[in-house]
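What follows is the residue order along each chain.
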Amino acid sequence: MKKRTLGSSVFVLLVLSIVFWAGCGDSEMTIFEKADFGATKDGTAVDIYTLTNASGMEAKIMTYGATVVSLKVGDRDGKLDDVVLGLDNVGEYEEKSRYFGCIVGRYGNRIGKGKFTLDGTEYTLAVNNGENHLHGGLKGFDKAVWEAEYDGVGLKMHYVSKDMEEGYPGNLDVTVTYTLTDDNELRIDYFATTDKPTVCNLTNHSYFNLAGQGLRDNLDHELMLNADNFTPVDSDLITTGEIRPVKGTPMDFTKPTAIGLRIDDDYEQLKPGGGYDHNWVLNKDGEDMTLAASVYEPTTGRFMEVFTIEPGIQFYACNFLDGSVTGKESRVYKYRYAFCLETQHYPNSPNRPEFPSVVLRPGQEYKTSTIYKFSTK
Ligand code: GLA
């Protein structure tokens, strides 16, 4: 990995700017730009890439954590606003990120007690959330500097997670491709292979607020989750193995419902995470891309749909944000100021044989995709 000193990087602005014109019509356009984004504390250079589509929607993605740093999307009057939380520089991400916008790996969400058994061998993972393993451990994929390459269509990010990194068996070779389409979709394609049996569950951890990042809480956003069931958790937010119908509970988002309407209801599942912080079991018929969720923000008219191949989605209402992090544009990230919709296999699956398998073996390909699509109403 190339090294760059912090001093030299601070004043270097745009390093490279390339414009690609794709397709035949003038409306088919993706502008791609690469710039220096400083360096990590150990001096590893970090770059930031900007993708802009025909309607001006813009995604900025950096190589540290393969992280979506900003996402500018139009409202019903065409006014662009940044709809994801993020920080000003790499140093801040290293110090105070709450997984803002990153790729989470090798395993998204929690693995109980940081242990699992695969083919008769017990593996002990790094423990970083009470007694449990969360989002890949102490140094998950969110804290790695990825290699990046723009192939004329998408931004391909590459990372090799070494055998026994954070306790996981096998060298895992991962490619995540971000594509911004002219249909206002941010598409994320995940691909991985391993040289030993392992577990793998990758996701993106963007914190959305469709009213604009860091301006207000999420409570008036109207959420729909295409899920008749969810996976209840214990007091440590570890899935218990149960799959429970949402019907008649505050977990029912089968029809668009304001996030704030029932979030503080006296329902035992809303106690462990202080609100919504659960995996929903998506209604699916096979492994095709299906609509998992939609969110509407009434003041701006912004509408986001989430499509995925994955069987589950973590809806986290940011109950752990507490105003202690100041992010981009000097905005303070207060209680419930955003929401995450992390497409995934179910949390703690390595310890739950009844859940869809997360085991990846040599010769197999881990392949999954998620689309965040934006429009207005
Ligand atoms: C996930 C978890 C939450 C929390 C956030 C990160 O969504 O489910 O409990 O850990 O990530 O802060």
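Here, the structure is the one placed above.
Residues numbered from 1 in each chain as written. Predicted model: local features only at pLDDT ≥ 70, side-chain atom pairs only at ≥ 80, totals over all residues. Heavy atoms only, no water.

A. Fine view of the overall build of the chain. Across its full length, the chain carries 2 helices and 30 strands. Over its C-alpha trace the chain gives a radius of gyration of 20 Å, about what one expects of a compact globule, namely 21 Å for 377 residues. On the principal axes, the C-alpha backbone points of the chain span a range of 50 × 50 × 45 Å. Residues counted as buried form 57% of the 377 residues belonging to the chain. For the chain, the proportion of contacts with a sequence separation of at least 24, taken over those separated by at least 6, is 65%. (Helix = DSSP H or I, 4+ residues; strand = E, 2+ residues; numbered from the N terminus. Rg over C-alpha atoms; globule rule 2.2 N^0.38 Å. Buried < 20%, exposed > 50% of the residue type's maximum accessible area, 1.4 Å probe, protein only. Contact = heavy atoms within 4.5 Å.)

B. Examining the packing of aromatic side chains more closely. The final tally for this structure, using the stated rule, is 22 aromatic pairs. Plain terms: the ring middles of Tyr 276 and Trp 280 are 6.2 Å apart, the flat faces sit at 55° to each other, and that makes the pair tilted. An angle of 35° between the planes, with centres 5.9 Å apart, marks the rings of Tyr 316 and Phe 320 as tilted. Residue classification places Tyr 316 among the buried positions, given a relative accessible area of 8%. (Phe/Tyr/Trp six-rings, centres within 6.5 Å; stacked < 30°, edge-to-face > 60°.)

C. Region of the structure containing the site of the ligand. Around the ligand, the neighbouring residues are Tyr 99, Asn 109, Arg 110, Leu 134, His 135, His 205, Tyr 207, Asp 277, Gln 314, Tyr 316, Phe 320 and Glu 342. Between the ligand and Arg 110, the relevant distance is 2.8 Å, taken from an oxygen atom to a side-chain nitrogen or oxygen of the residue. Contact between the ligand and His 205: an oxygen atom at 2.8 Å from a side-chain N or O atom of the residue. (Near = heavy atom within 4 Å. Polar contact = N/O pair within 3.5 Å; in protein donor to acceptor, adjacent residues only side chain to side chain.)

D. Here's a closer look at the side chain of His 345. With respect to the helices and strands, His 345 occurs in the loop between strand S28 (340-344) and strand S29 (359-360). Separated by 2.6 Å, the side chains of His 345 and Glu 310 make a polar contact.

E. Local environment of empty space enclosed by the protein. Per the stated rule, a full pass over the model turns up 1 cavity of 30 Å³ or more. In terms of residue class, the lining of the largest cavity is built from 3 nonpolar, 6 polar and 2 charged. (1 Å grid on protein atoms, 1.4 Å probe; cavity = no way out; pocket = protein on both sides within 12 Å on 5 of 7 lines; lining within 4 Å. Points joined across faces, edges and corners; volume = space filled by probe spheres on them. Nonpolar A, V, L, I, M, F, W, Y, C, P; charged D, E, K, R; others polar.)

Remember, this is a structural readout, not a statement about activity or role.
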